[in-house]
Amino acid sequence: MLFRSTYKTGLLAAPVTVAASLAPHAANAHEAWLLTPDEIVALASAPMPALFTSSVTLGVAAAIGCAGTVAALHIEEIIRPVEQRIAPALKNTATQSGPLVMRVALAAMLGLAGTGGLPRHGTAPWLEPTLLVPDMQLSLIPGWEWLAACQLAMAVLLLVGLMTRIIGLCLIGLSGVGLVIFGAPFLAYAPHFMAPGLIVVLIGGGTLSLDHILGLNRRMTALDPQKIWRLAQILVGAGFVYLAAMFKLTQPTLLIAILQHGDMPTFGLSYPLIALIMTGVEIICGALLIAGRLIRPVSVVIIGAISFLALTLGETPLFHANLYGCMILFALMGRTWPATNEGPTSYERALA
């Protein structure tokens with residue numbers, strides 16, 4: 001039974017890894033945050049490293065990724081008893097601190113985006129309001145500048161924890177608006193903002209919020225918390241796979257340039273090989289999140305990877321505050337939301 005469960009999950013994750021590793025499309029991703037437009041144009045036309053043009057190399061990399069995924073699934077069974085022992089304490093921490101962490105992380109990104117305080121490289125701060133992320137400048141889309149004020153209002157409401165679940169729905173809607181006005185390029189970001197929006201709808205404002213003081217932390221009777229929780233994990237995982245497949249594999253020169261600019265330690269490896277390893281790790285982590293396996297360890301790995309790159313490259317962690325919030329909640333709560341049965345969940349009782 002154990003082997004069958006692991007095997008089936010491996011079959012789910014492995015094709016995602018293979019398909020992503022062989023994706024042929026090309027585009028720009030959030031590497032644009034750390035490179036100037038002129039650099040991106042030059043690098044986009046530069047020859048790709050041989051590692052990324054060889055079907056043999058990519059096939060071997062995909063095979064290694066699949067093997068690593070299956071190995072990780074077996075490791076999950078080994079560490080399961082330890083995880084079960086610490087899960088109650090972690091979920092209690094999620095109950096107490098999770099909503100505040102999520103609110104502050106999203107408020108920071110919304111507030112900075114609305115004021116232009118988180119610009120892409122080469123753009124002066126506080127001059128170009130953006131939609132959620134640095135390279136989606138509202139000045140490029142005439143008539144939509146009012147979204148800057150909208151983001152500021154959402155940030156304030158999240159900070160004080162007022163109408164929190166409604167703001168979560170607004171964040172999901174804002175991601176949809178981004179797809180409408182910016183088109184396909186915004187698809188690289190939408191899943192990673194829809195997911196925290198869903199989480200906010202699920203968890204509400206928490207105990208340290210005006211919603212709690214005013215008695216607005218109502219129990220959601222019409223929605224299945226477990227389905228919302230899993231959908232958020234799937235969206236985050238799919239976002240990682242999409243970014244790795246559509247951008248890092250097809251325009252590795254951008255990632256390599258960022259690593260070189262930041263003088264990232266190579267540990268004796270070439271920059272193209274490091275870029276390929278980073279891409280593989282991102283695909284595997286995304287596939288495991290989609291499959292709902294190793295949620296806590298994968299979340300810790302992603303937090304560590306984002307933090308390491310931020311420190312090494314001199315990048316502000318605020319670029320990924322939305323992902324920090326999601327990963328912290330995933331690491332604390334794990335794959336499943338507390339069972340509801342017929343009464344309120346333990347989480348909801350804590351908020352009452």
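Everything numeric in this text was worked out from a predicted model, so none of it was measured. (Residues numbered from 1 in each chain as written. Predicted model: local features only at pLDDT ≥ 70, side-chain atom pairs only at ≥ 80, totals over all residues. Heavy atoms only, no water.)

### Focus: the confidence of the model for the protein
The predicted coordinates of low-pLDDT regions are not to be read in fine detail.
1) Next: Confidence in the prediction for the protein averages 86 pLDDT; 86% of positions are at 70 or higher.
2) Next: Of all the helices and strands in the protein, helix H1 (residues 2-21) carries the lowest mean pLDDT, 40, while helix H4 (residues 147-160) carries the highest, 98.
3) Next: Within the model, the stretch residues 1-28 combines pLDDT values under 50 with 52 contacts to residues more than four positions away or in other chains. (pLDDT = per-residue confidence, 0-100. Helix = DSSP H or I, 4+ residues; strand = E, 2+ residues; numbered from the N terminus. Contact = heavy atoms within 4.5 Å.)

### Focus: the packing of helix H3 (residues 55-115) against helix H10 (residues 271-291)
1) Next: Direction vectors running N to C along H3 and H10 enclose 40°, while the axes themselves pass 10 Å from each other. Considered as vectors, H3 and H10 are oriented oblique to each other. The two elements H3 and H10 meet at a crossing, and its hand is right-handed. Between H3 and H10, the contacting residues are Thr57, Leu58, Ala61, Gly65, Thr69, Ala72 and Leu73 on the first element and Leu276, Ile284 and Leu288 on the second.
2) Next: For the contact of H3 with H10, the per-class residue count stands at seven nonpolar, three polar and no charged. (Axes fitted to C-alpha atoms, helices over the stretch in contact; angles between N-to-C directions. Parallel < 35°, antiparallel > 145°, perpendicular 65-115°, else oblique. Left-handed = near helix turned anticlockwise from the far one by under 90°. Nonpolar A, V, L, I, M, F, W, Y, C, P; charged D, E, K, R; others polar.)

### Focus on the side chain of Thr250
1) Next: Of note, Thr250 is situated in the loop between helix H8 (225-248) and helix H9 (252-261).
2) Next: Note on Thr250: relative accessible area 9%, which makes it buried.
3) Next: Within polar-contact distance, the side chain of Thr250 engages the backbone oxygen of Met246 at 2.6 Å. (Buried < 20%, exposed > 50% of the residue type's maximum accessible area, 1.4 Å probe, protein only. Polar contact = N/O pair within 3.5 Å; in protein donor to acceptor, adjacent residues only side chain to side chain.)

### So, unusual backbone geometry
1) Next: In this model, Trp126 sits at a positive phi of 70°, which is unusual for a non-glycine residue.
2) Next: Residue Met163 is not a glycine yet carries a positive backbone phi of 55°.
3) Next: Considering the arrangement of structural elements, one finds Met163 in the loop between H4 and helix H5 (164-182).
4) Next: Judged by its relative accessible area of 39%, Met163 is partly exposed.

### Considering the pattern of salt bridges
1) Next: Applying the stated criterion across every chain, the model contains five salt bridges.
2) Next: For Arg296, the salt bridge is made with Glu83, and the minimal N-O distance between the two is 2.8 Å. In this pair, Arg296 is assigned in helix H11 (residues 295-313) and Glu83 in helix H3, connecting sequence segments 213 residues apart. Each of the two residues, Arg296 as well as Glu83, counts as buried.
3) Next: Taking the shortest distance from any N to any O, the salt bridge between Glu282 and Lys248 comes out at 3.1 Å. You can see Glu282 sitting in helix H10 and its partner Lys248 sitting in helix H8, a full 34 residues away along the chain.
4) Next: Its relative accessible area of 14% is what places Glu282 among the buried residues. (Salt bridge = Lys/Arg side-chain N within 4 Å of Asp/Glu carboxyl O.)

### With respect to the layout of surface pockets
Any space left empty among the atoms is revealed by the rolling of a water-sized probe across them.
1) Next: A volume near 760 Å³ is recorded for the largest pocket.
2) Next: Every residue lining the largest pocket is counted, 36 residues in all, and those nearest its centre are Lys248, Met278, Glu282, Ile306 and Leu309.
3) Next: Those elements that provide at least two residues to the lining of the largest pocket are helix H6 (191-203), H8, H9, H10, H11 and helix H12 (321-333).
4) Next: The leading source of residues in the lining of the largest pocket is H11, at eight residues.
5) Next: By residue class, the composition of the lining of the largest pocket is 28 nonpolar, four polar and four charged. (1 Å grid on protein atoms, 1.4 Å probe; cavity = no way out; pocket = protein on both sides within 12 Å on 5 of 7 lines; lining within 4 Å. Points joined across faces, edges and corners; volume = space filled by probe spheres on them.)

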